[in-house]
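Examining the three-dimensional arrangement
Okay, here's what each chain looks like letter by letter:
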Amino acid sequence: MRRLLPSEKQKEKQKLRVLIDILSLFPRYFIGPFNESIIKRAQEKGLVTIRLINIRDFADNRHHRVDDRPYGGGPGMVMMPQPVKAALRDVKGSQSHVIYLTPQGRTLTAEKSRQLSRETHLVLLCGHYEGIDQRILDREVDEEISIGDYVLTNGCLAAIVLVDSVIRFVPGVLGHPLAAEEDSFEKGLLDCPHYTHPEVFEGERVPPILLSGNHQEIAKWRQERALKKTKDIRPDL
Ligand code: 4GY
């Protein structure tokens, strides 16, 4: 194999960093989930930087209003374009990929999360009320993503889910370098069952094959169980 040029060596060592800006009306939503466990550690390691931006801070009217009544009538309120545009202008750069979280988007998959983990700068736009003025979505958003076929009260929880699933694919975030690949969905199957100590719990034994030390047989068993589970629960996969 060809030796790496000095510039390439440097690039190899250089950490893949992801900057994630989250624009919402409720930045406090994220404080709990982002300050625990793996997401917390990913930030401490400098692999991921998450910034929380309050769209209301960018409202140019005296009362910092961010919503107004929908043209054409009907219930609910719509987020006004001005504050959203100003917040986006504040964070957007040449490398930004802007995502709007909405049930109207393409459903998030592991493949999409892996793809997003290779972006330099993700901007996540979280709506509230009936949503955001369509002119912002048309002009400023690169992609609309849904986390599933149900409606949340706002986009913040969907953004938390997206961040969590994306950062698992950022190299160095999970302990084992191949952990993200080993998990469910990477082979198009649901995961197999897992067992730990004790060997007998309330009279139920761990499947004996897992204690056999025969790694080939264990791998075969896990594959079979994953296949059966997938056929039963998700034949569409
Ligand atoms: N499902 N996937 C979702 C959602 C809430 C009104 C627009 C979802 O991603 N987002 O249900 N979002 C709505 C609330 C404004 C977002």
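Let me sum up the structure you'll find in this document. (Residues numbered from 1 in each chain as written. Predicted model: local features only at pLDDT ≥ 70, side-chain atom pairs only at ≥ 80, totals over all residues. Heavy atoms only, no water.)

What to know about the site of the ligand
Operational definition: Proximity is defined per residue: if any heavy atom of the residue lies within 4 Å of a molecule or strand, that residue is considered near it. Here a polar contact is recorded for every N or O atom pair within 3.5 Å, except that within protein the pair must consist of a potential hydrogen donor and a potential acceptor, and residues adjacent in sequence are included only if both atoms are side-chain atoms. Accessible surface area values rest on a Shrake-Rupley calculation with a 1.4 Å probe, where residue burial reflects the displayed protein chains alone. Segments assigned H or I by DSSP are reported as helices when at least four residues long, segments assigned E as strands when at least two residues long, and all are numbered from the N terminus. Amino acids are sorted into nonpolar (Ala, Val, Leu, Ile, Met, Phe, Trp, Tyr, Cys and Pro), charged (Asp, Glu, Lys and Arg) and polar (every other residue, Gly among them).
Around the ligand, the structure places 18 residues, and the nearest of them are Tyr 129, Ile 147, Gly 148, Tyr 150 and Leu 152. Here Ile 147 contributes a backbone N or O atom positioned 2.8 Å from a nitrogen atom of the ligand. Protein contact buries 95% of the 400 Å² of open area that the ligand shows by itself. Within the residue set of the shell around the ligand, elements represented by two or more residues are β5 (96-107) and β7 (143-146). With 4 residues, the single largest contributor to the shell around the ligand is β5. In terms of residue class, the shell around the ligand is made up of 10 nonpolar, 8 polar and no charged.

Some details on the nonpolar core
Short version of the rule: Joining through side-chain atoms within 4.5 Å is the link that ties buried Ala, Val, Leu, Ile, Met, Phe, Trp, Tyr and Cys residues into a set, and such a set is a nonpolar core. Relative accessibility under 20% of the residue-type maximum defines a buried residue, over 50% an exposed one, and the middle range a partly exposed one, all with a 1.4 Å probe and only protein chains included. Between two residues, a contact is recorded if the distance between any of their heavy atoms is within 4.5 Å.
If you look at the biggest cluster of nonpolar residues, it comprises 31 residues, and the most contacted ones within it are Ile 20, Ile 22 and Leu 124. The set of elements that each furnish at least two residues to this core consists of β1 (18-24), α3 (37-44), β2 (48-54), β5, β6 (121-126) and α7 (156-167). Sorting elements by how many residues they give to this core places α7 first, with 8 residues. Aside from chain neighbours lying at most four places away, what touches Leu 124 is Ile 20, Asp 21, Ile 22, Leu 23, Ile 99, Leu 101, Ala 159, Leu 162 and Val 163. Val 123, Leu 125, Ile 132 and Val 141 belong to the second-largest nonpolar core, a separate cluster that totals 19 residues.

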